[in-house]
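Listed here are the chains, written in short residue letters.
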Amino acid sequence: MTDYRERFAGESEQFEKAAKAFFSGEMSKQDYKGISGGFGSYAEKGGASGMLRLRMTAGRVSKQRLTFLVDTMEKYQIPFAKLTTCETIQLHRLKGELIPQIYEEALEAGIFCRGGGGDFPRNIMASPLSGVQVGEAFDIMPYAQAAGDYLLGLIGQVKLPRKLKVAFSNGVGNETHATFRDLGFVANPNGTFTVYSAGGLGSNPKMGLKVAEGVDPNQTLYYIKAMVDTFVAHGNYTVRSKARTRYMQDTLGKQGYVEAYTQNVNAALAAGGLDIAPKAIPITKQGEGQLEANRVVGQKQPGLFSVWYHPLGGKLEAASLRKIADAIQDMEDVELRIAPDETLYIINCTASEAQKVLDATAGGAENEFECSVACIGGTVCQQGIGDSQALYMACVEAVRQAGIAGGALPQVHISGCPSSCGAHQIGALGFRGGMKPVDGVSKPIFTLHVGGSDAMGDEVFGEDLGAILAQDIPAFLVQLGKKVQETGENYASWQASHMQQLRELAGEYLL
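The paragraphs below set out a description of the structure included in this document. (Residues numbered from 1 in each chain as written. Predicted model: local features only at pLDDT ≥ 70, side-chain atom pairs only at ≥ 80, totals over all residues. Heavy atoms only, no water.)

### Brief notes about the packing of aromatic side chains
Point 1. Using the criterion set out here, one finds 19 aromatic pairs in the structure.
Point 2. Here F138 and Y143 contribute two aromatic rings whose centre-to-centre distance is 6.2 Å and whose plane-to-plane angle is 90 degrees, an arrangement assigned as edge-to-face. Across the pair, exposure class does not vary: F138 and Y143 are buried alike.
Point 3. Residues Y143 and F193 carry aromatic rings whose centres are separated by 6.1 Å and whose planes lie at 90 degrees to one another, so their mutual orientation is edge-to-face. Of the two residues, Y143 is situated in helix α6 (residues 141–154) and F193 in strand β9 (residues 193–197); the sequence distance between them amounts to 50 residues.
Point 4. The class of Y143 is buried, set by a relative accessible area of 14%.
Point 5. Residue class for F193 comes out buried when judged on its relative accessible area of 0%.
Point 6. Taken together, the ring pairs connect F138, Y143, F168, F185 and F193 into an aromatic cluster. (Phe/Tyr/Trp six-rings, centres within 6.5 Å; stacked < 30°, edge-to-face > 60°. Buried < 20%, exposed > 50% of the residue type's maximum accessible area, 1.4 Å probe, protein only. Helix = DSSP H or I, 4+ residues; strand = E, 2+ residues; numbered from the N terminus.)

The following block contains the structure:
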């Protein structure tokens, strides 16, 4: 893997000067955003603090990276870190003068923030249990790592219209949204990839187009280069709101896009030079015994287990991370993986090690509903409108107090604005934050989306039913949970045959 530390360090002076100017009041918010975004940082609401996004290629967090994260949070008294739906980690409430300093320290530790925001290739995503999941087509992690390395090399070298998101699926699930990202690779049992392109969430979401099948994984980079070349040639450089790859489906037409992309694939293959042959490092660790617990998943390696931990709201405090770091310090081959639903997996544990990890991660979500996804929200994010975190916590508290069983409500997706950082369109229940005049007073609302799914082969965006006052959503979920619980069904099976009842119940709360 290429080491970009020297190159990125040489570019950071601009960021340091911009941060100093903005936090001293000498630079506008918009001018600062235009610079800081490319370094993975944005000012937070109010302009008195900022955040820094740490790229974690394919969601992998080694013990060394975890130690850096914990040490940094403790050293600078950072109140919390946030797991993101793009498998990165964000540090929040940072004092202005510290942001470039932490950027440099992360760089020294081999953690890159460059291109974490702005018009750049973003963090590569991969199925969080790649290499250990029962039933996976093959281990996609080596190819995701190679792709991440390649895209890092394009940062600052290619001018894109806007951001570019690339994802890999190991074929078991579609949690990375590989079928509707800017570019997605889905592993097949025969050892090849099916490739999807020009999809995305946000405003005017679109499913991706299937652009290739039977792709040799060693040729992955040719398909990424073709995506970049197609975006550069046909992306919208003048209207930012239409400068994502999905809008090329409109300007070129679906068939026209597939033809343009295919032409660029053929050109890249003809030019050559991008073949890869990454080697997966086999897991030779062995374990004994069995362990059955709510948060434990058996791996395809006999005797090994993964433990999942979903911090409430996807927010992590240094004390919680220190417990994990101390627990796994001497555990062979154990590492963390970030999932797109803001869950952490601690993989490659023996039964006894998994029990220690369970103890170290107590206090998080315990069921599907509590594993709901919420972006950082409008009290922190400059772009945010609705307070996603406050809504999430209010809903969890209300459902717990009502004694509703875990399976009666689904994982909910909450976005504070149309940017869809909480992926509200693909939740069985999704909420998007906003404001709406009610009796002459502007009040916080969330629009309700129902019936969404990211399941491979059954992908669908949820139906927008309308707006609910933020303060009424906990009561709506409690009433819904009770209704489902009375039937003895889980939420998924109930919704499949009771969509009209769901609409009627929602209608009692809609504005």
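There's plenty left to go through after this.
### Here we look at the pairing of strand β7 (residues 166–169)
Point 1. Of the two faces of β7, the one carrying V166 and F168 and the one carrying A167 and S169 are both buried.
Point 2. In this view, the connection linking strand β6 (residues 125–126) to its parallel neighbour β7 by way of α6 has left-handed handedness.
Point 3. Strand direction decides the pairing type here: β7 and strand β8 (residues 183–187), joined by four bridges, are parallel. By the bridge assignment, V166 is partnered in β8 with L183. (Right-handed = clockwise from strand over helix to strand, strands pointing away. Pairing = 2+ DSSP bridges.)

### Digging into the sheet that holds strand β12 (residues 305–309)
Point 1. Strand order in the open sheet formed by five strands is β3-β14-β15-β12-β11, with antiparallel pairing between adjacent strands. The open sheet has two edge strands with one neighbour each: β3 (60–61) and β11 (296–298).
Point 2. Bridge count between β12 and strand β15 (residues 344–349): four bridges; the pairing is antiparallel. Paired with W308 across the strands is Y345, a residue of β15.

### Overview of the pattern of salt bridges
Point 1. Per the stated rule, a full pass over the model turns up 20 salt bridges.
Point 2. Across the pair R322 and D71 runs a salt bridge whose closest N-O atoms are separated by 2.8 Å. Taken together, the positions of R322 in helix α10 (residues 318–328) and D71 in helix α4 (residues 63–75) put the pair 251 residues apart, joining distant regions of the chain.
Point 3. By relative accessible area, which is 22% here, R322 ends up partly exposed.
Point 4. The partner of E335 in a salt bridge is R337, with the nearest N and O atoms 2.6 Å apart.
Point 5. Taking relative accessible area as the criterion, E335 reaches 12% and is therefore assigned buried. (Salt bridge = Lys/Arg side-chain N within 4 Å of Asp/Glu carboxyl O.)

### A short note on the sheet that holds strand β19 (residues 441–450)
Point 1. Spatial strand order, β16-β17-β18-β19-β20: five strands in an open sheet with mixed pairing. Each having just a single partner strand, β16 (373–374) and β20 (463–469) make up the two edges of the open sheet.
Point 2. As paired elements, strand β17 (residues 412–415) and strand β18 (residues 429–438) share four bridges and run parallel to each other. Pairing of S415 across the sheet is with R432, part of β18.
Point 3. On top of the sheet, helix α12 (residues 388–401) reaches β16, β17 and β19; it is set at about 150 degrees to β17, its chief contact. (Contact = heavy atoms within 4.5 Å. Axes fitted to C-alpha atoms, helices over the stretch in contact; angles between N-to-C directions.)

### Examining empty space enclosed by the protein
Rolling a probe over the atoms, with the probe sized like a water molecule, indicates the empty space that remains.
Point 1. Enumeration according to the criterion identifies one cavity of 30 Å³ or more in this entry.
Point 2. Lining of the largest cavity is provided by F369, S372, Y392, C395, V412, I414 and L477.
Point 3. Breaking the lining of the largest cavity down by element, the ones donating at least two residues are α12 and β17.
Point 4. For the lining of the largest cavity, the class distribution of residues is six nonpolar, one polar and no charged. (1 Å grid on protein atoms, 1.4 Å probe; cavity = no way out; pocket = protein on both sides within 12 Å on 5 of 7 lines; lining within 4 Å. Points joined across faces, edges and corners; volume = space filled by probe spheres on them. Nonpolar A, V, L, I, M, F, W, Y, C, P; charged D, E, K, R; others polar.)

### Description of the packing of helix α13 (residues 473–487) against helix α15 (residues 499–507)
Geometry of a packed helix pair, given as the angle between the helix axes and the separation of the axes.
Point 1. Contact geometry of α13 with α15 gives a least axis separation of 10 Å together with a crossing angle of 150 degrees. Classified by the angle their axes make, α13 and α15 are roughly antiparallel. The crossing of α13 and α15 is right-handed. On α15, the residues touching F476, Q479, L480 and K483 of α13 are Q501, L502, L505 and A506. (Parallel < 35°, antiparallel > 145°, perpendicular 65-115°, else oblique. Left-handed = near helix turned anticlockwise from the far one by under 90°.)

### So, the nonpolar core
Where a protein is soluble and globular, its nonpolar side chains tend to be buried together.
Point 1. With 59 residues, the main nonpolar core has L54, L66 and L91 as its most contacted residues.
Point 2. Ranked by size, the runner-up nonpolar core spans 43 residues in total, among them I124, A126, L151 and F193. (Core = buried A, V, L, I, M, F, W, Y, C linked by side-chain atoms within 4.5 Å.)

### Focus: the packing of helix α2 (residues 13–23) against helix α5 (residues 98–108)
Point 1. In contact at an axis separation of 8 Å, α2 and α5 are set at 160 degrees when each is read in the N-to-C sense. Taken together, α2 and α5 sit at an angle that is classed as roughly antiparallel. Each of F15, E16, A19 and F23 in α2 lies in contact with α5, whose residues at this interface are I99, P100 and Y103.

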